[in-house]
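Survey of secondary and tertiary structure
What follows is the residue order along each chain.
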Amino acid sequence: MTEPHTLVYSRVGDLDIHIDLYLPPPTPEPEVPLIPAVIFFHGGGMFRGNRKSILPEFKDQVISKGWAFISADYRLLLPCTGHDILQDITALFTYISTSLSTSVNTHRVDPSRLFVSGHSGGAYVARQAALHGTPKPKAFFSLSGQGGELLMPQYFIPKTNIEKKMLGIYRKYSNPESTEFSTLKPCSDDPRIWRSSEDVHTSPGSRAFLLNMATLASTQLDFLTGKPGLCSTIRSAYTTDSDVDISTLIPDDVKILFPELWITASFPPSFIVHGTGDKSVLLRESEKTAGDLARCGVECAVVWVDNWGHGYNPGIYERWVKDVIPFFQRQID
């Protein structure tokens, strides 16, 4: 099994933000080869998970191709915001273009041949990298990805089954003025995103708890933007007039955090896989992205997997996902 090189790509105060860099075996050539790289952003709704949460089959296919695979940490919602995630993307691309393009052991990463990818919430980060990363990525891959349609009721209409006790605890952790908020770390030590070692209902303050409660309360956009009450404002306007143009309710200084507002013909060619039975990230997010890209004339390969939910297993990759690598290859041929 290929072991990664763990490197610090950014330092914010006393926080080191890491990547795991996986490289193919050394080549016999005396000159250090310059190779493409796939950047992967982990899932977890932007609230949980870390760089250790990867798709192993995807990583192995990239390495067998002779390319580099980069799995990146990024700062998480609560206590951080989408602005912090954007800063991390900028720092990551700068690091790759400078430090990794010179020499890392046996290989050099070619910053002109980068691909971005993400699973679930990591696809939001990958979308932002596709839009704002410099140099521009050659292609984008989303698996069950968030970020295609953040301005839909799923994100601002609360669910009805919220326990009052849990909601009270959650409000303490999500209040920047509280002691509980001050205990939250920007990055997670736990790579598990589907099941936590702690039960979400008995471990208030765990990242699993925060994600679960933010989903039930439909307050993710408040934390993404750093603007408390934004979801309430949107909800009020929407319940008054369901035809309201929600994008007009988003303050100008945070519109950059909504990828769906920035899709143009310059967006990279895209490969999108999503299950029709996904209840965590709705299929309509990926459908909207595919539709937006089609209208802009951007190449987009889509795979809608019947009755598949939001989980992941090797069979899913082998049957539905593995064609992403040939798709990437065509973008640099």
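Reading the values: the criteria
- Throughout this document, residue positions are counted from 1 along each chain, in the order its sequence is written.
- Restriction of local features to residues with pLDDT of at least 70 applies here, the model being predicted, together with a cutoff of 80 or more for giving and counting side-chain atom pairs; totals for whole chains, interfaces and linings are based on all residues.
- As a convention, hydrogens and water are excluded, and side-chain values are obtained from all of the structure's heavy atoms.
- In this description a helix means any DSSP run of H or I spanning at least four residues, a strand means any run of E spanning at least two, and both kinds are numbered starting from the N terminus.
- Three labels apply to residues, based on accessible area from a 1.4 Å probe with only protein chains included: buried if under 20% of the type maximum, exposed if over 50%, partly exposed otherwise in between.
- Note that His is not counted, nor are the chain ends; the positive residues are Lys and Arg, and the negative ones are Asp and Glu.
- By salt bridge we mean one thing: a side-chain nitrogen of Lys or Arg within 4 Å of a carboxyl oxygen of Asp or Glu.
- Any pair of N or O atoms that falls within 3.5 Å is considered a polar contact. Within protein, one atom must be able to donate a hydrogen and the other to accept it, and sequence-neighbouring residues count only if both atoms are side-chain atoms.

Some remarks on the environment of lysine 164
By secondary structure assignment, the location of lysine 164 is in helix H4 (residues 164-173). The exposed category is assigned to lysine 164, whose relative accessible area is 78%. Residues lysine 164 and phenylalanine 141, 23 residues apart in the sequence, show an inter-C-alpha distance of 39 Å.

Observations regarding the side chain of aspartate 278
Here aspartate 278 is to be found in the loop between strand S7 (270-275) and helix H9 (283-296). One buried charged side chain, aspartate 278, makes no salt bridge at all; its nearest oppositely charged neighbour is lysine 279, positioned 9.6 Å away. Of the polar contacts made by the side chain of aspartate 278, one reaches the backbone nitrogen of serine 280; its length is 2.9 Å. At a separation of 3.0 Å, a polar atom in the side chain of aspartate 278 contacts the main-chain amide nitrogen of valine 281.

Focus: the pattern of salt bridges
Applying the stated criterion to the full structure yields 15 salt bridges. One salt bridge in this structure joins lysine 59 and aspartate 60, with 2.9 Å as the shortest N-O distance. With relative accessibility at 43%, the residue aspartate 60 sits in the partly exposed group. With a shortest N-O distance of 3.5 Å, aspartate 84 and arginine 75 are connected by a salt bridge. You can call arginine 75 buried: its relative accessible area is 7%. One salt-bridge network, in which partners are shared between bridges, spans Asp20, Arg51, Lys52 and Asp73.

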